[in-house]
Amino acid sequence: MIPLLSVTGLAKSYQGVRAVDGVSFEMHANEIVGIIGPNGSGKSTTVDCITGFQTADAGDVRMEGAPLQALAAWQIARAGLMRTFQTVRVYEQLTLEENLLAAMAQFDATNWLDALFRTPRLRAADSSARARARTLINMAGLTRYHDAPVGILSYGQKKLVALISALMPKPRLVILDEPVAGVNPTRIREIEAALRLLRDEGETFLIIEHNMDFIMNLCDRVIVFDQGRKLTEGTPAAVHADARVLEAYLGVRP
Ligand SMILES: Nc1ncnc2c1ncn2[C@@H]1O[C@H](COP(=O)(O)OP(=O)(O)OP(=O)(O)O)[C@@H](O)[C@H]1O
Ligand SMILES: [Mg+2]
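What counts and what doesn't
Residues numbered from 1 in each chain as written. Chains lettered and ligands numbered in written order. Predicted model: local features only at pLDDT ≥ 70, side-chain atom pairs only at ≥ 80, totals over all residues. Heavy atoms only, no water. Phe/Tyr/Trp six-rings, centres within 6.5 Å; stacked < 30°, edge-to-face > 60°. Helix = DSSP H or I, 4+ residues; strand = E, 2+ residues; numbered from the N terminus. Buried < 20%, exposed > 50% of the residue type's maximum accessible area, 1.4 Å probe, protein only. Lys NZ or Arg CZ within 6 Å of the ring centre and 35° of its normal. Lys, Arg positive; Asp, Glu negative; His and termini not counted. Salt bridge = Lys/Arg side-chain N within 4 Å of Asp/Glu carboxyl O. Polar contact = N/O pair within 3.5 Å; in protein donor to acceptor, adjacent residues only side chain to side chain. Contact = heavy atoms within 4.5 Å. Near = heavy atom within 4 Å. Areas by Shrake-Rupley, 256 points an atom, 1.4 Å probe, with all protein chains shown as cover. Nonpolar A, V, L, I, M, F, W, Y, C, P; charged D, E, K, R; others polar.

This part is about the packing of aromatic side chains. Applying the stated criterion to the full structure yields one aromatic pair. For the pair F53 and F85, a centre-to-centre distance of 5.0 Å together with 85 degrees between the ring planes defines the contact as edge-to-face. Here F53 is found in the loop between α1 (43–50) and β4 (58–63), whereas its partner F85 is found in the loop between β6 (81–83) and α3 (96–105), with 32 residues between them in sequence. We classify F85 as buried; its relative accessible area is 16%. Geometry around F85 places R83 over its ring, the cationic atom sitting 4.0 Å from the centre.

Shown next, in the form of structure tokens:
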């Protein structure tokens, strides 16, 4: 079976620092895979290279066998790979609903003629996008902010906005860079449940997180990064029991 995502020999250096140093892994549809690793171990850079926000120095990235390297970030998104950023990126001036509709706009099959004449096709696309936005807003517990500018929300709430924006177009693969950093524990458990539900409906997630409980509860498989390389990968239990993982975090080197 062709993997949904395959990454082979990915490498990226910044001014002589090997941020990512030959990383390879695969993901299959319907999995929830975690990426953990100490600060600076190359997790975000790996995601930046996969999603076209950075150009890798070397390596091969494919989605269902089709190479992604030559594509721009927006083309990769359109191919069904959505992502969030470690530093939250939302449209502060737009309302919550508008943020979600904006995330959807690039996937809209309707064209400017539809927009000009307000055709039934546009109205149908519009109302289904609004309905999905409402569902996701409720899921994130942000119902009362539906029409509020996102700029007034707290940092944790903005993280939730970024998360549900990425989910808007029903992507085939969603990569989340620290989705629950700064989010309160009750809400984290709710997000965990929501992601599990979305997975049951067919979604696939790759999640970078420092929150170990979140990763260990949620993921089918965990990939551990250390110094730009994949240290190991396995079930949450296997990774948890691996002495090398603890060493990487404590900075103890043999
Ligand atoms: N745009 C950049 N310019 C220069 N160096 C960078 C850049 N982005 C990342 N790096 C360097 O690459 C290395 C890996 O960084 P990266 O952000 O991928 O780590 P990370 O595993 O996501 O860490 P964290 O858990 O702190 O988010 C670090 O040494 C970092 O300083
Ligand atoms: Mg990072």
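As for its placement among the helices and strands, D177 is situated in strand β7 (residues 173–177). Of the buried charged residues, D177 lacks a salt bridge, with R83 as the closest side chain of opposite charge at 4.3 Å. Polar contacts involving the side chain of D177 include one to the side chain of S44, which spans 2.6 Å. If we ignore the near neighbours within four places in the chain, the residues touching D177 are S44, R83, T84, F85, Q86, K159 and I208.

Residues in close proximity to ligand 1 total 14 residues, the closest being G40, K43, T45, Q86 and H210. Between an oxygen atom of ligand 1 and a side-chain N or O atom of T45, the distance comes to 2.5 Å. With respect to ligand 1, the side chain of Q86 contributes an N or O atom lying 2.8 Å from an oxygen atom. For ligand 1, the protein covers 65% of the area, taking 640 Å² as the surface of the free molecule. The set of elements that each furnish at least two residues to the shell around ligand 1 consists of β2 (17–27) and α1. For the shell around ligand 1, the element with the most residues is α1, which contributes three residues. Here the shell around ligand 1 is composed, by residue class, of four nonpolar, eight polar and two charged.

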